[in-house]
Amino acid sequence: KNEVEQSPQNLTAQEGEFITINCSYSVGISALHWLQQHPGGGIVSLFMLSSGKKKHGRLIATINIQEKHSSLHITASHPRDSAVYICAVSGGGNKLVFGAGTILRVKS
Amino acid sequence: NAGVTQTPKFQVLKTGQSMTLQCAQDMNHEYMSWYRQDPGMGLRLIHYSVGAGITDQGEVPNGYNVSRSTTEDFPLRLLSAAPSQTSVYFCASSSLAGGWNEQFFGPGTRLTVL
């Protein structure tokens, strides 16, 4: 079993829909990261969080440490949100363990 | 700031050839790392460094060497390329100040080994 599991693996949504991507992990962590990777592009950090909730524009990330679970929400989705969303955890220091990613496609 | 830069962007090698993937950062970050990304799998850590002169192995180090002679540069060497090393390679850097920190990724190098 992978230490970091994401669901769903693939997600297709209509423009404007509310989207949720889930991440579960099995190890103790000091922080959880959400990353975005556009097709053929590099990887950018969206959020780092160790508790509670963070919001940036239309993106919201939450984490429940007791349940070892995090969610990434996208409100009012847009085709430009189409990308791979990656969850990663760090147990201490800067070493990350990554999930396999969720491929999101938003249709107009 | 250029951030994290990687060269080349694309490379094709024959089995047995050696090459070096270059990575540089201009943010004075102590921590640098190399990952490989394969279809259907998460990024996997190859090697990492917490400062000049200090390197350590990650999850999949076999077939790769690294060195860190300066804070800025962290090259990854493939000693004798194999088809199993066909992958996309990402370099990343982050500060070590204050515990866990945002990682900055380079644009990636797509390597094909024939």
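These notes cover the structure that comes with them. (Residues numbered from 1 in each chain as written. Chains lettered and ligands numbered in written order. Predicted model: local features only at pLDDT ≥ 70, side-chain atom pairs only at ≥ 80, totals over all residues. Heavy atoms only, no water.)

1. Some thoughts on the overall build of chain A
- The secondary structure content of chain A amounts to 0 helices and 11 strands.
- Written out in order from the N terminus, the α and β elements of chain A read β-β-β-β-β-β-β-β-β-β-β.
- A compact globule built from 108 residues should have a C-alpha radius of gyration of about 13 Å, and chain A, at 13 Å, falls within 12% of that.
- Across chain A, the fraction of contacts at a sequence separation of at least 24, relative to all contacts at a separation of at least 6, is 53%.
- With an accessible surface of roughly 5100 Å², chain A has 49% of that area assigned to carbon and sulfur atoms.
- Distance from the positive charge centre (10 side chains) to the negative charge centre (6 side chains) of chain A: 5 Å. (Helix = DSSP H or I, 4+ residues; strand = E, 2+ residues; numbered from the N terminus. Rg over C-alpha atoms; globule rule 2.2 N^0.38 Å. Contact = heavy atoms within 4.5 Å. Areas by Shrake-Rupley, 256 points an atom, 1.4 Å probe, with all protein chains shown as cover. Lys, Arg positive; Asp, Glu negative; His and termini not counted. Charge placed at Lys NZ, Arg CZ, Asp CG, Glu CD.)

2. Some points on the interface of chain A and chain B
- Contacts between the two partners involve 21 residues from chain A and, on the opposite side, 21 residues from chain B.
- When chain A packs against chain B, the two sides together hide about 1600 Å² of surface, and 63% of this comes from carbon and sulfur.
- Taken as a group, Ile43(A), Asn94(A) and Phe98(A) account for 38% of the area that chain A buries against chain B, more than any other trio of residues on that side.
- Taken together, the links from chain A to chain B amount to 1 residue pair in polar contact (both at pLDDT 80 or more). (Buried area = accessible area lost by both parts, 1.4 Å probe. Polar contact = N/O pair within 3.5 Å; in protein donor to acceptor, adjacent residues only side chain to side chain.)

3. Section: the state of the cysteines
All names here are of chain B.
- In total, this model carries 2 disulfides over all chains according to the counting rule given.
- One disulfide in the model links Cys23 with Cys91; its S-S distance is 1.8 Å. For the disulfide bridge between Cys23 and Cys91, the dihedral angle about the S-S bond is near -70°, and by the sign convention the bridge is left-handed. Taken together, the residues Cys23 in strand S3 (residues 19-25) and Cys91 in strand S9 (residues 87-94) connect sequence positions 68 residues apart. This pair shows no difference in class: Cys23 is buried, exactly as Cys91 is. (Disulfide = S-S within 2.5 Å. Buried < 20%, exposed > 50% of the residue type's maximum accessible area, 1.4 Å probe, protein only.)

4. A look at the sheet that holds strand S8 (residues 76-78) of chain B
Residue and element names in this part refer to chain B.
- On the basis of which strands lie adjacent, the open sheet formed by 4 strands has the order S1-S3-S8-S7 and antiparallel pairing. A single partner strand is all that each edge strand has here, and the edge strands are strand S1 (4-7) and strand S7 (64-66). Going from strand to strand, the sheet's axes swing by 20° on average, the running direction of each strand aside.
- Relative to S8, S7 is paired through 3 bridges, and the arrangement is antiparallel. Bridge assignment links Val66 to a residue of S8, and that residue is Leu76. (Pairing = 2+ DSSP bridges. Axes fitted to C-alpha atoms, helices over the stretch in contact; angles between N-to-C directions.)

5. Some details on the side chain of Ser77(A)
All names here are of chain A.
- Relative to the elements of secondary structure, Ser77 occurs in the loop between strand S8 (69-74) and strand S9 (83-90).
- A relative accessible area of 2% places Ser77 in the buried class.
- At a separation of 3.3 Å, a polar atom in the side chain of Ser77 contacts the main-chain carbonyl oxygen of Gln14.

6. A short note on the nonpolar core
- Ranked by size, the top nonpolar core spans 21 residues in total, and within it Ile19(A), Leu32(A), Trp34(A), Phe47(A), Leu49(A), Leu72(A) and Tyr85(A) carry the most contacts.
- Of all the secondary structure elements, the ones that give two or more residues to this core are strand S3 (19-25), strand S4 (31-37), strand S5 (43-49), strand S7 (59-64), S8, S9 and strand S11 (102-107) of chain A.
- Beyond its immediate sequence surroundings of up to four residues, Tyr85(A) is in contact with Gln6(A), Ile21(A), Leu35(A), Gln36(A), Leu46(A), Leu72(A), Ile74(A), Gly101(A), Thr102(A) and Leu104(A).
- Counting residues in each nonpolar core, the second largest holds 18 residues, with Leu21(B), Leu76(B), Ala81(B) and Tyr89(B) among its members. (Core = buried A, V, L, I, M, F, W, Y, C linked by side-chain atoms within 4.5 Å.)

7. Some words on the layout of surface pockets
- Taken as a whole, the largest pocket holds about 1200 Å³ of empty space.
- Around the largest pocket, the lining is made up of 49 residues, and of these Gln37(B), Asp38(B), Met41(B), Gly42(B) and Leu43(B) lie nearest the centre.
- Counting residues per element, the ones that place at least two in the lining of the largest pocket are strand S1 (4-7), S9 and strand S10 (96-98) of chain A together with strand S5 (44-51), S9 and strand S11 (109-113) of chain B.
- For the lining of the largest pocket, the element with the most residues is S9(A), which contributes 4 residues. (1 Å grid on protein atoms, 1.4 Å probe; cavity = no way out; pocket = protein on both sides within 12 Å on 5 of 7 lines; lining within 4 Å. Points joined across faces, edges and corners; volume = space filled by probe spheres on them.)

8. Focus on the packing of aromatic side chains
- All told, the structure shown has 4 aromatic pairs over all chains when counted by the stated rule.
- Through pairs of rings, three or more aromatic residues link up here, namely Phe98(A), Tyr35(B) and Phe105(B).
- Looking at Arg68(B), its charged tip hangs above the ring of Phe74(B), at a distance of 6.0 Å from the centre. (Phe/Tyr/Trp six-rings, centres within 6.5 Å; stacked < 30°, edge-to-face > 60°. Lys NZ or Arg CZ within 6 Å of the ring centre and 35° of its normal.)

9. A look at the pairing of S7(A)
All names here are of chain A.
- Here 5 bridges tie strand S6 (residues 52-56) to S7, and the two strands are oriented antiparallel to one another. Paired with His56 across the strands is Leu59, a residue of S7.
- Linkage of S6 to S7, two consecutive antiparallel strands, is achieved through a turn of 2 residues, within which Gly57 is found at a positive phi near 65°.
- Pairing analysis gives 6 bridges linking S7 to S8, with the strands arranged antiparallel. Paired with Leu59 across the strands is Ile74, a residue of S8.

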